[in-house]
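# Residue-level structural notes
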Amino acid sequence: MQQRVMHIITGLDQGGAEASLFRLVQAGNAPADTHVISLTGDGVYGPLLRDAGAAVSVLGAKSAPAMAASVFKIVRLIRRFKPDVIQTWMYHADLVGGLAGRIARVPVCWGVRAGNISTVHNKRSTMMVMKASARLSGWLATRIVSPSVEAIRVHCAAGYADKFALIPNGYDFTAFQPDDSAKMATRAILGIDRRAIVVGHVGRADVLKDHPALLRAFEQVAATRPDAVLLLAGRGLEMGSPYLQSLLANYSCHDRVIALGPRTDIAAVLNAMDIFVLSSVGEAFPNVVAEAMACGVPCVVTNVGDAAEIVGDTGWVTPPSDSERLAAAISGALDLSHEVCARRGRAARERVVDRYGIDRMVNGYTAVWAEAIATGRREHSSEKKH
């Protein structure tokens, strides 16, 4: 039976949750049966979701009072759209959507993704919402979906109800695949020498990404590899941004850094890389690692979230916050012969295609929603009897 699904997400800018929602809408439900609500703005994905045929509502709730008021706006949208189930994405949407779903008597599946809930690496307001959600999870959430084993572990330890379903992220691997022509074209456009070794990273400007460790590691690599350049992409990682400029001022390798900022051609950017590096101190299921592997790019990752499980024996895993070990892993990867590196890249693609296809994610969500709908009907039936 076709499910009418309402998705509620904190925002629609570039990010892992936003990308997963977009892929799920594209590959899953009929667009006419899908309504996406963004609590804040349209971002990057709002127009793309509309182009895919989904209805998108933007509430513009950018303050705590506006977030609270959005509960009742969502209730009105629920009553108009009449979804069978609500899927929320990220803490604020979990809490607000959970309250709205409870009022409107529609089952709600939460989406929990963070693999690091340390107060050192997260905003105070985010932690407050997370803690409130933990206390209310048994009442507001019918099921809780997470792509990450580590995220489930840390949230259960934080007091979340044991209602979790593990659904790893899924990808359309026709959009991410090795492409030598894209590699050469992208390098030419960016002015990168054909003989250069490109160490790459994609991620927003965020303390959890630990860009200082990445730059310290690259500076060590650059000291012995004059042919190496560092290619950065993501919101806040563009030349001239206060975040990046303040970081680069501390390193002598700044003239070998190419910073692109946010991009819509991520597959082409990834193809331009020889090695991809994830330097994070906190992740759940880092999408970009799987995307880089699908493009045949071997990955060096820190041991956060499910990153080590994603790369398996096709890449290199180092402890977080250890730039010395990160630099050694990058150097080791760059020292491989072209043939060995190519074999690693092929093995990386085979691994993610085998494990993380989009159909698996769609089927996982469809099954969880069906279960939530059935649970909601049983609860309502029981309430009527009493």
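Please read these numbers as outputs of a predicted model, since none were measured by experiment. (Residues numbered from 1 in each chain as written. Predicted model: local features only at pLDDT ≥ 70, side-chain atom pairs only at ≥ 80, totals over all residues. Heavy atoms only, no water.)

### Observations regarding helix 11 (residues 287-294)
When you tally the buried positions in helix 11, you get eight out of eight residues, the bulk of the element. Residues of helix 11 that are buried: Asn287, Val288, Val289, Ala290, Glu291, Ala292, Met293 and Ala294. Just beyond helix 11, the residue with positive phi is Gly296, at close to 80 degrees. (Buried < 20%, exposed > 50% of the residue type's maximum accessible area, 1.4 Å probe, protein only. Helix = DSSP H or I, 4+ residues; strand = E, 2+ residues; numbered from the N terminus.)

### Re the environment of Ala93
Positionally, Ala93 belongs in helix 4 (residues 91-104). Spatially, the C-alpha atom of Ala93 lies 5.2 Å from that of Ile9, the residues being 84 residues apart in sequence. When near neighbours in sequence (up to four residues on either side) are disregarded, Ala93 contacts Ile8, Ile9, Thr10, Leu39, Thr88 and Gly98. (Contact = heavy atoms within 4.5 Å.)

### Concerning the side chain of Arg113
Following the sequence through the fold, Arg113 ends up in the loop between strand 5 (108-111) and helix 5 (124-140). For the buried Arg113, no salt bridge is present, and the opposite-charge side chain at shortest range is Glu18, 6.9 Å distant. Within the structure, Arg113 has its side chain in polar contact with the side chain of Ser20 (distance 3.2 Å). Side-chain polar atoms of Arg113 contact the side chain of Asn169, separated by 3.2 Å. (Lys, Arg positive; Asp, Glu negative; His and termini not counted. Salt bridge = Lys/Arg side-chain N within 4 Å of Asp/Glu carboxyl O. Polar contact = N/O pair within 3.5 Å; in protein donor to acceptor, adjacent residues only side chain to side chain.)

### Thoughts on the sheet that holds strand 2 (residues 34-38)
If you trace the seven strands from one edge of the open sheet to the other, you get 3-2-1-4-5-6-7, paired in parallel fashion. Each having just a single partner strand, strand 3 (55-58) and strand 7 (164-166) make up the two edges of the open sheet. Across the sheet, the mean angle separating the axes of adjacent strands is 20 degrees when strand polarity is ignored. By the bridge criterion, two bridges tie strand 4 (residues 85-89) to strand 5 in an arrangement that is parallel. Counted as the bridge partner of Gln87 is Cys109 from strand 5. Across the sheet, helix 1 (residues 16-27) lies against strand 1 (5-9), strand 2 and strand 4, angled at about 165 degrees from strand 1, the strand it touches most. With respect to the sheet, helix 5 is in contact with strand 5 and strand 6 (143-146), its orientation differing from that of strand 5 by roughly 150 degrees. (Pairing = 2+ DSSP bridges. Axes fitted to C-alpha atoms, helices over the stretch in contact; angles between N-to-C directions.)

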